[in-house]
Amino acid sequence: MKAGAASIGLVVLLGLAACSGNALAPSSARSDGSPAAPSFSQFSDIPIPAKARMDVDQSLLLGHGESWVGRLVYTTGGGTGPIYDLYKSDMPGFGWQEITSVRASISIQTWQRADRIATVQIRDTTFGVETIITVAPAIGAGTGGGGGGSYATPPAPAAAPQPSVSRQPLR
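Residues numbered from 1 in each chain as written. Predicted model: local features only at pLDDT ≥ 70, side-chain atom pairs only at ≥ 80, totals over all residues. Heavy atoms only, no water.

### Here we look at the overall build of the chain
Along the backbone of the chain there are two helices and seven strands. Its helices and strands taken in sequence order, the chain reads α-β-β-β-α-β-β-β-β from the N to the C terminus. Here the chain holds 171 residues, and the buried ones make up 24% of them. For the chain, long-range pairs separated by at least 24 residues make up 39% of all intrachain contacts whose partners lie at least 6 apart in sequence. (Helix = DSSP H or I, 4+ residues; strand = E, 2+ residues; numbered from the N terminus. Buried < 20%, exposed > 50% of the residue type's maximum accessible area, 1.4 Å probe, protein only. Contact = heavy atoms within 4.5 Å.)

### Quick look at helix H2 (residues 80-90)
Those residues of H2 lying buried are Ile 83, Tyr 84 and Tyr 87. Buried residues of H2 fall within an arc of 100° about the axis and therefore sit on the same side. Structural note: H2 exposes Pro 82 and Ser 89 on the side pointing more than 90 degrees away from its buried face. (Arc of directions from axis to C-beta.)

### Points about the pattern of salt bridges
What the rule picks out here adds up to six salt bridges. Here Glu 66 makes a salt bridge to Arg 113, at a shortest N to O gap of 2.5 Å. Taken together, the positions of Glu 66 in the loop between strand S2 (60-62) and strand S3 (69-76) and Arg 113 in strand S5 (residues 106-113) put the pair 47 residues apart, joining distant regions of the chain. Glu 66 gets classed as partly exposed once you look at its relative accessible area, which sits at 43%. Taking the shortest distance from any N to any O, the salt bridge between Arg 103 and Asp 85 comes out at 3.1 Å. Highlighted residues: Arg 103 in the loop between strand S4 (97-102) and S5 and Asp 85 in helix H2, separated in sequence by 18 residues. Asp 85 gets classed as partly exposed once you look at its relative accessible area, which sits at 37%. Here the residues in one salt-bridge network are Asp 45, Glu 66, Arg 113 and Arg 116, joined through shared partners. (Salt bridge = Lys/Arg side-chain N within 4 Å of Asp/Glu carboxyl O.)

### Notes on the pairing of strand S6 (residues 116-125)
Pairing analysis gives eight bridges linking S5 to S6, with the strands arranged antiparallel. Looking at the pairing, Gln 112 lines up with Ile 117 of S6. Linkage of S5 to S6, two consecutive antiparallel strands, is achieved through a turn of two residues, within which Ala 114 is found at a positive phi near 55°. Both S6 and strand S7 (residues 128-137) contribute to a ladder of ten bridges, which runs antiparallel. Paired with Gln 121 across the bridge in S7 is Ile 132. From the end of S6 to the start of S7, which pair antiparallel, there are two residues. (Pairing = 2+ DSSP bridges.)

### Considerations on the pairing of S7
In terms of burial, S7 is largely enclosed, as seven of its ten residues are buried. Alignment of S3 against S7, held across seven bridges, turns out to be antiparallel. Of the residues in S7, the one forming a bridge with Val 73 is Ile 132.

### Some remarks on the side chain of Gln 109
With respect to the helices and strands, Gln 109 occurs in strand S5. In this structure the side chain of Gln 109 is engaged in a polar contact, spanning 3.1 Å, whose partner is the side chain of Trp 111. Every residue in contact with Gln 109, bar those within four places of it in the chain, is listed here: Tyr 84, Tyr 87, Lys 88, Thr 100, Ser 101, Ala 118, Thr 119 and Val 120. (Polar contact = N/O pair within 3.5 Å; in protein donor to acceptor, adjacent residues only side chain to side chain.)

Any functional reading would require information that these geometric values do not contain.
In structure tokens, the structure reads:
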């Protein structure tokens, strides 16, 4: 039920943005009125490599500062190894605790900081290394069920109904 309400809220928010008549674009503009290049300055809680190029068409960002949520997509040159190592070494300095990581052709790292979870996905593409960072509230954040840096415990599954089975020896 909560997921449905959150989905409806997101659709309404995006609908209102579409009704404004303005395309979603960087919020700052140059003195001549032309839009400024996308800036990573709003991300003070995660490391961003030098010369990263934000993919504004694939990014969906809500909020700002250290409470933003959404998906940040950017590309860089080089290989996946240096980007993987950057997040592995620098995320703890930004206050994130590692939950799990997998280094492979598509590498994934998952981190937690207070009541937010960050997933970092790194992969090679034709245009360089694509990094997708998804940040969302932890399950139960704000409800006392897992926020504040602790993991939410899902409810125990209900016991499966026991079918009525008769047992007979084989002859």
